[in-house]
Amino acid sequence: MSRRASTGAPPGGDPPAPPRTSSAPAPWARVVLHADMDAFFAAVEQLDCPALRGRPVLVGGTGRRAVVCTASYEARPFGCRSAQPMSEALRRCPAAVVVPPRFARYAEVSAAIQAVFARFSPLVEPLSLDEAFLEMTGAEGLFGPPAELARRLKEEVRAATGGLTVSVGVAPNKFVAKVASDHHKPDGMTIVPPDEVLGFLWPLGVERLWGVGPKTRQRLAELGVTTIRDLARLPPDLLVRRLGSHGAGLHELAWARDDRPVEPGGESKSIGAEQTLEEDVRGERQILPLLRQSASRVARQLRQEGLCAGGVRVKLKTAAFRLLTHQASLLPPGDSEQELLRVATRLLDAFDLEQPMRLVGLAAYKLVPAS
């Protein structure tokens, strides 16, 4: 399915933007593509076992504490989803087939997908086994305009994997591209040209902004904010008073301002500490002490190496083996446990902490000499 974002309200006003007098499309100063495989684990199982195709499939364990790693699209209309207790998913969909996860197989298929991405761009930032950012600026001469390069990438992924589908979003920056890839799943393709970005973003719920979890969403609702448009129209200083520096970042995203580069794996040096847990944890009360331990270890290593961190990244892995990360700048750069933990605590609101977590970690990045 291919969709083009519709033109919506211009900055600062309700009426739709007037049509352009020229038929030429607005130029793309930057082209970023986000690719996200559709129900990846379940899709691989259906690919390898034709008898599962068209049937509701739940990838996960069957023990007392088992959770769903991935629910196929046939299972989702019943209310089945990732990180859900398997017992609840089976109550919702008794006809579902439960398949144990095969992570080695998923990694094998992921390697084939990453090889496709590498043929399109030397700048690929993998986020997990099943999604990645690609920097495609300047590639029009090789692959055609954004819609054509997205179509070609989808076709090559399907061919390389024997039939798996990927949803793709193309936009002028990483944030909008990621929102776009989720817009028409499964097998979607959403192109958001530069002059249509706000028309695409503003009607969406404010929870689509990175960093808006349940607590922040409630605080924004108290201000009358339910859509990204509502947030964009608030004065930035009001958001800072209510949400701290996090509010300023949300205001930037609401106006589609995101200049982060696509960073290939291994290019950015960071110092991190994480724990894989014997028992899953959930909620800020259980997760925060583990983050404090990681912050202490990272701060100690920063001082040993004479470095300060300009950014903090929180890493959580759900019981369903879904890797989740959020990050924010630390200004001025610092090397103390308190400074790292302050940013990490704020980032926790961006996660759904009600789902069980099996790994908790913190990393310092944007490293600079302490001097």
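In the block above lies the structure referred to throughout.
Cut-off values and rules
- Residues numbered from 1 in each chain as written.
- Predicted model: local features only at pLDDT ≥ 70, side-chain atom pairs only at ≥ 80, totals over all residues.
- Heavy atoms only, no water.
- Helix = DSSP H or I, 4+ residues; strand = E, 2+ residues; numbered from the N terminus.
- Buried < 20%, exposed > 50% of the residue type's maximum accessible area, 1.4 Å probe, protein only.
- Contact = heavy atoms within 4.5 Å.
- Polar contact = N/O pair within 3.5 Å; in protein donor to acceptor, adjacent residues only side chain to side chain.
- Expected span 1.5 Å × (residues − 1).
- Salt bridge = Lys/Arg side-chain N within 4 Å of Asp/Glu carboxyl O.
- 1 Å grid on protein atoms, 1.4 Å probe; cavity = no way out; pocket = protein on both sides within 12 Å on 5 of 7 lines; lining within 4 Å.
- Points joined across faces, edges and corners; volume = space filled by probe spheres on them.
- Nonpolar A, V, L, I, M, F, W, Y, C, P; charged D, E, K, R; others polar.
- Pairing = 2+ DSSP bridges.
- Axes fitted to C-alpha atoms, helices over the stretch in contact; angles between N-to-C directions.
- Parallel < 35°, antiparallel > 145°, perpendicular 65-115°, else oblique.
- Core = buried A, V, L, I, M, F, W, Y, C linked by side-chain atoms within 4.5 Å.

Residue-level account of the environment of D38, with values.
Following the sequence through the fold, D38 ends up in the loop between β2 (32-37) and α1 (40-48). When its relative accessible area of 4% is taken as the criterion, D38 is described as buried. Distance from D38 to D182, taken between C-alpha atoms, is 9.7 Å for residues 144 residues apart in sequence. Other than its neighbours up to four places away in sequence, D38 contacts A43, Y73, T165, V166, S167, K185, P186 and D187. At 2.7 Å, the side chain of D38 forms a polar contact with the side chain of K185.

How would you explain helix α12 (residues 284-305) if you had to name every residue and give the values?
Its 22 residues give α12 an end-to-end C-alpha distance of 31 Å, which sits within 8% of 32 Å, the value for a rise of 1.5 Å per residue. The secondary structure elements touched by the buried residues of α12 are β10 (271-281), β11 (307-318), β12 (323-334), α13 (337-347) and β13 (357-369). A positive backbone phi angle near 65° is found at G306, which sits one or two residues after α12.

How would you summarise the pattern of salt bridges if you had to cite specific residues and measurements?
Within this structure, the stated rule accounts for 24 salt bridges. Across the pair D48 and R105 runs a salt bridge, and its minimum N-O distance is 2.9 Å. Taken together, the residues D48 in helix α1 and R105 in helix α3 (residues 103-120) connect sequence positions 57 residues apart. Take D48: its relative accessible area is 34%, and that puts it in the partly exposed class. Its relative accessible area of 23% is what places R105 among the partly exposed residues. Note that E131 is salt-bridged to R322, the shortest N-O span being 3.4 Å. Within this pair, whereas E131 is found in strand β7 (residues 131-135), its partner R322 is found in the loop between β11 and β12, the two being separated by 191 residues in sequence. Each of E45, D48, R102, R105 and E108 takes part in salt bridges that share partners, so that together they form one network.

Lay out the layout of surface pockets in plain terms, naming residues and giving numbers.
In this model, the second largest pocket occupies a volume close to 260 Å³. For the lining of the second largest pocket, the residue count by class is 7 nonpolar, 6 polar and 4 charged.

Explain the pairing of strand β3 (residues 57-60) residue by residue, including any values.
The two faces of β3 match: V57 and V59 on one face and L58 and G60 on the other face are all buried. Inspection of the sheet shows β3 paired to strand β5 (residues 97-99) by 3 bridges, in the parallel sense. The residue of β5 that forms the bridge with V59 is V99. Bridge analysis of β3 against strand β4 (residues 68-71) gives 3 bridges, and the strand direction is antiparallel. Within the sheet, the bridge partner assigned to G60 lies in β4 and is V68.

Talk me through the packing of α1 against α3; I want residue IDs and the actual numbers.
Packing of α1 against α3 leaves a shortest axis separation of 10 Å and a crossing angle of 95°. Considering the angle they form, α1 stands roughly perpendicular to α3. Residues F40, F41, V44, E45 and D48 of α1 form the contact with α3, whose participating residues are F103, R105, Y106, V109, S110 and I113. Tallied by class, residues from the contact of α1 with α3 come to 7 nonpolar, 1 polar and 3 charged.

I'd like a rundown of the nonpolar core, residues and numbers included.
For soluble globular proteins, nonpolar side chains are generally found buried alongside one another. With 43 residues, the main nonpolar core has L33, F40, F117, L134, M136 and L153 as its most contacted residues. Look past the residues within four positions of M136 in its chain and what remains in contact with it is V31, L33, F120, S121, F143 and L149. Within the second largest apolar cluster, 33 residues are counted, among which are V197, W202, I228 and L243.

Which residues make up unusual backbone geometry, and what values go with them?
Residues K185 and P186 are joined by a peptide bond in cis, for which omega reads -5°. Inspection of the secondary structure assignment puts P186 in the loop between α6 (174-181) and β9 (189-191). Here the residue pair L331 and P332 is connected by a cis peptide bond, since its omega of -10° sits within 30 degrees of zero. As for its placement among the helices and strands, P332 is situated in strand β12. Even without a glycine there, the phi angle at A39 is positive, about 45°. Within the element layout of this structure, A39 appears in the loop between β2 and α1. Using a relative accessible area of 8% as the deciding quantity, one classes A39 as buried. Positive phi, close to 50°, is recorded for K366, a residue that is not glycine. Assignment of secondary structure puts K366 in strand β13. Residue K366 is classed as partly exposed on the basis of its relative accessible area of 47%.

Honestly, it's all geometry; don't read function into it.
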